[in-house]
Amino acid sequence: MKDIIVVGSGIAGLTVGLGCAKKGHKVTLVTKSDLSASSTNWAQGGIAGVLDATNEEAMQQHIRDTLEAGCGLNDLDVVEEVVRNAPRCLASLIEAGVNFDRDSKGKFTMAMEGGHSVGRILHHKDRTGAEIEDVLLARLKESGVEVLEGWMGIDLILPQPKAFGEGVVGLWVMDTEGAVTTLESEAVVLASGGLGHIFERTTNPPISTGDGLIMAMRAGAECRDLEFVQFHPTVLAIDGERPFLLTEAMRGAGAIVADIESHTAFRRGTIGIEELSFLNEVDPRGNLATRDVIARAIDQRLQRTGDQYVVLVTEHLDSTMLEQRFPTITSRLSLHGIRIGHDPIPIAPAAHYAVGGLKVDLKGHVFAAEEYGGKVIPGLYAVGEVACTGLHGANRLASNSLLEAVVMASHLVDHIGEDRTTTQSNQPPPWRMDDLSHLTEHGPLTTDRMALQSTMTRDVGIHRSGQRLQRAQRRLSHLREEIMELWRSCRPTRDLVELRNLILAAGEVTKAALNRKNNVGLHHNSDTA
């Protein structure tokens, strides 16, 4: 039996925690908010995959679609592994009680989404992630896993001070009262999600501040592909409202993206449905193109027109069908007086998913940076959005991330602890702020956070240029100096830890974007167009 810490309570973290507990390991699950406050819980669309393991043609089709979306930068071995393990892992979710939608004959209804050549998305109306999360959380209560809800990971514990890349022997966490506690373990699994809050508009939950990524990098870990940040193209755009994602499945069901002028002409009858969407001029797949293509096209159209949003048009579709298929979206829109199937829905892109992350292998091992040897870091694992397996390449295919999370989590459970060679002293080294007596309280941090997000949104967003990226790097460098001075001199709080992680994550994304010399997938630099 091993002592294992899992950081995060989305599909990846819960799958690892439940799997390890079932194998007899002692598991502590750390989540900095409520258990259900994860990106999984907010996922509307579904989980991609082939159910029939004998259908080789369908498997090859899913592999081809994944490679095409990723512009060929995917790791083919990982793509094969994830796609071919889909039947087994999807069957395990169904067996656990996940209630995917079926037709009147009991057959699963497989939705269509952008970038997919056929419908292969299992879903539960428009709250698939919440359905999966509910089932896994119900099992968690009976699993024996210790849950530290409202606790936040601050830093990984190394076997010796500055022993970067040599191993991980535990985690320092901040409890609900703000006190720092030492948790020792034989393995730490990071399943902490993404970094969407480095931008002003994001579909991510408030917890997505790059915590796991930065903790691991501070311990000597290698990251890859951080320049590839996916912006979801269809996010509700209403002033003063938190961005609310409108699932890709709406376009799969026939919804159309149009600019305001074209929609007005359509309403007047001067253009037909075939002429409504500017996306037909951008890509032969039109409204079913991949997210990178559509988000970039919308951003360009908004720059050209000066409008704050384009619209998602559903009035040509059956409103009853839409209400039944998308009840969560229907309810949310009604709060703003928007009737699905009747009224145009204002949308604009928002940061959605970090394709890059910690460099891992198929077993979930995290690698050290080259300067620290480039080998597997004993005792450290990552899975889900915080990790980069190479599945997605330069752009994630819609609904592949939940599949990746459950497949890679199951692999990790099978192999966890095999690498443990690190020895530690009886007493873990003290955290740098164990003596807080000389530290002061920090003031409001909102201004620094807003400046960071503004810089990233304007200069490191959907469209980039060398000049804007260099400007962002300068501004972030100045902000980083100020924030790290606060970090050294002030008592730690949750807000300060998050701000530290955000500024470091923003810097890494910007550096990766500057280092990418060709336009591919989610990275577009006008200087190299």
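Coordinates for the structure precede this section.
Here the structure is a predicted model, which means the values were calculated and not measured. (Residues numbered from 1 in each chain as written. Predicted model: local features only at pLDDT ≥ 70, side-chain atom pairs only at ≥ 80, totals over all residues. Heavy atoms only, no water.)

*Asks:* I tried to follow the overall build of the chain on my own but got confused; where do I start?
*Replies:* When helices and strands are tallied, the chain shows 17 helices and 19 strands. Since a compact globule built from 529 residues should have a radius of gyration of about 24 Å, the 23 Å found for the chain is in line with a globular shape. Seen through its C-alpha atoms, the chain measures out along the principal axes to roughly 75 × 50 × 40 Å. The buried share of the chain, reckoned over its 529 residues, is 60%. Once local pairs closer than 6 in sequence are excluded, the contacts in the chain between residues at least 24 apart make up 74%. Total accessible area on the chain is roughly 21000 Å²; 48% of this is exposed by carbon and sulfur atoms. A distance of 2 Å separates the average location of the 53 positive side-chain charges in the chain from that of its 69 negative side-chain charges. (Helix = DSSP H or I, 4+ residues; strand = E, 2+ residues; numbered from the N terminus. Rg over C-alpha atoms; globule rule 2.2 N^0.38 Å. Buried < 20%, exposed > 50% of the residue type's maximum accessible area, 1.4 Å probe, protein only. Contact = heavy atoms within 4.5 Å. Areas by Shrake-Rupley, 256 points an atom, 1.4 Å probe, with all protein chains shown as cover. Lys, Arg positive; Asp, Glu negative; His and termini not counted. Charge placed at Lys NZ, Arg CZ, Asp CG, Glu CD.)

*Asks:* Would you mind going over the sheet that holds strand β1 (residues 3-7) with me for this structure?
*Replies:* Across a sheet, paired strands are connected by hydrogen bonds in the backbone, their directions being either parallel or antiparallel. Strand order across the open sheet formed by six strands is β5-β2-β1-β9-β18-β17, with mixed pairing between neighbours. Lying at the two open borders of the sheet, with one neighbouring strand each, are β5 (146-149) and β17 (365-367). The sheet shows a mean angle of 30° between the axes of neighbouring strands, taken without regard to direction. Examined bridge by bridge, β1 and strand β9 (residues 187-190) share four bridges and lie parallel to one another. Looking across to β9, one finds that V7 is bridged to L190. (Pairing = 2+ DSSP bridges. Axes fitted to C-alpha atoms, helices over the stretch in contact; angles between N-to-C directions.)

*Asks:* How do you make sense of the packing of helix α1 (residues 11-22) against helix α14 (residues 400-415) when you look at a structure like this?
*Replies:* Helix-helix packing is described using two parameters, namely the angle between the two axes and the distance between the axes. Here α1 crosses α14 at 25°, and the two axes come no closer than 8 Å. As summarised for this structure, α1 and α14 are arranged roughly parallel, according to the angle between their axes. Where α1 crosses over α14, the handedness of that crossing is right-handed. Within the contact between the two elements, α1 uses I11, A12, T15, V16, G19 and C20 and α14 uses L402, A405, V406, A409, L412 and V413. (Parallel < 35°, antiparallel > 145°, perpendicular 65-115°, else oblique. Left-handed = near helix turned anticlockwise from the far one by under 90°.)

*Asks:* Is there a simple way to think about the sheet that holds strand β19 (residues 387-388) in this case?
*Replies:* Across the sheet, three strands lie side by side as β10-β16-β19; this open sheet has mixed pairing. Since the sheet does not close on itself, it has two edges, and those belong to β10 (223-224) and β19, each with one partner. Two elements, strand β16 (residues 357-359) and β19, share two bridges in a ladder whose sense is parallel. When the sheet's bridge partners are listed, L358 is paired in β19 with A387. Along the sheet, helix α7 (residues 211-218) makes contact with β10 and β16, crossing β16 at roughly 40°.

*Asks:* Where do I start with the side chain of E113 in this structure?
*Replies:* You can see E113 is positioned in the loop between α5 (86-96) and β4 (121-122). R291 provides the closest opposite charge to the buried, unpaired E113, separated from it by 4.5 Å. Apart from residues lying up to four places away in sequence, E113 is in contact with G45, G46, I121, T247, E248, A249, L288, R291, A398 and S399. (Salt bridge = Lys/Arg side-chain N within 4 Å of Asp/Glu carboxyl O.)

*Asks:* Would you mind showing me how to read the environment of E184 here?
*Replies:* Turning to its location among the elements, E184 is positioned in strand β8 (residues 180-184). Considering only alpha carbons, one finds E184 and K105, 79 residues apart in sequence, at a separation of 52 Å.

*Asks:* Whenever I open this one, the pairing of β9 confuses me. Can you help?
*Replies:* Strand residues, when the strand is regular, have side chains that alternate between the two faces of the sheet. Going residue by residue along β9, you find A187 and V189 tucked away on one face and V188 and L190 tucked away on the opposite face as well. Direction of pairing for β9 relative to strand β18 (residues 376-382): parallel, over a ladder of three bridges. Looking across to β18, one finds that V188 is bridged to L380.

*Asks:* Explanation requested: the pairing of β8 in the structure shown.
*Replies:* Of the strand pairs in this sheet, strand β7 (residues 170-174) and β8 are connected by five bridges, and their pairing is antiparallel. In the sheet register, W172 faces β8, and the bridge partner there is T182.

*Asks:* Looking at this structure, how should I read the pattern of salt bridges?
*Replies:* Close approach of charged atoms lets side chains of opposite charge pair. Per the stated rule, a full pass over the model turns up 26 salt bridges. The partner of R500 in a salt bridge is D155, with the nearest N and O atoms 3.3 Å apart. Remark: D155 occurs in strand β6 (residues 152-157) and R500 occurs in helix α17 (residues 494-515); sequence separation between them is 345 residues. Here R500 and D155 have matching classes, each one buried.

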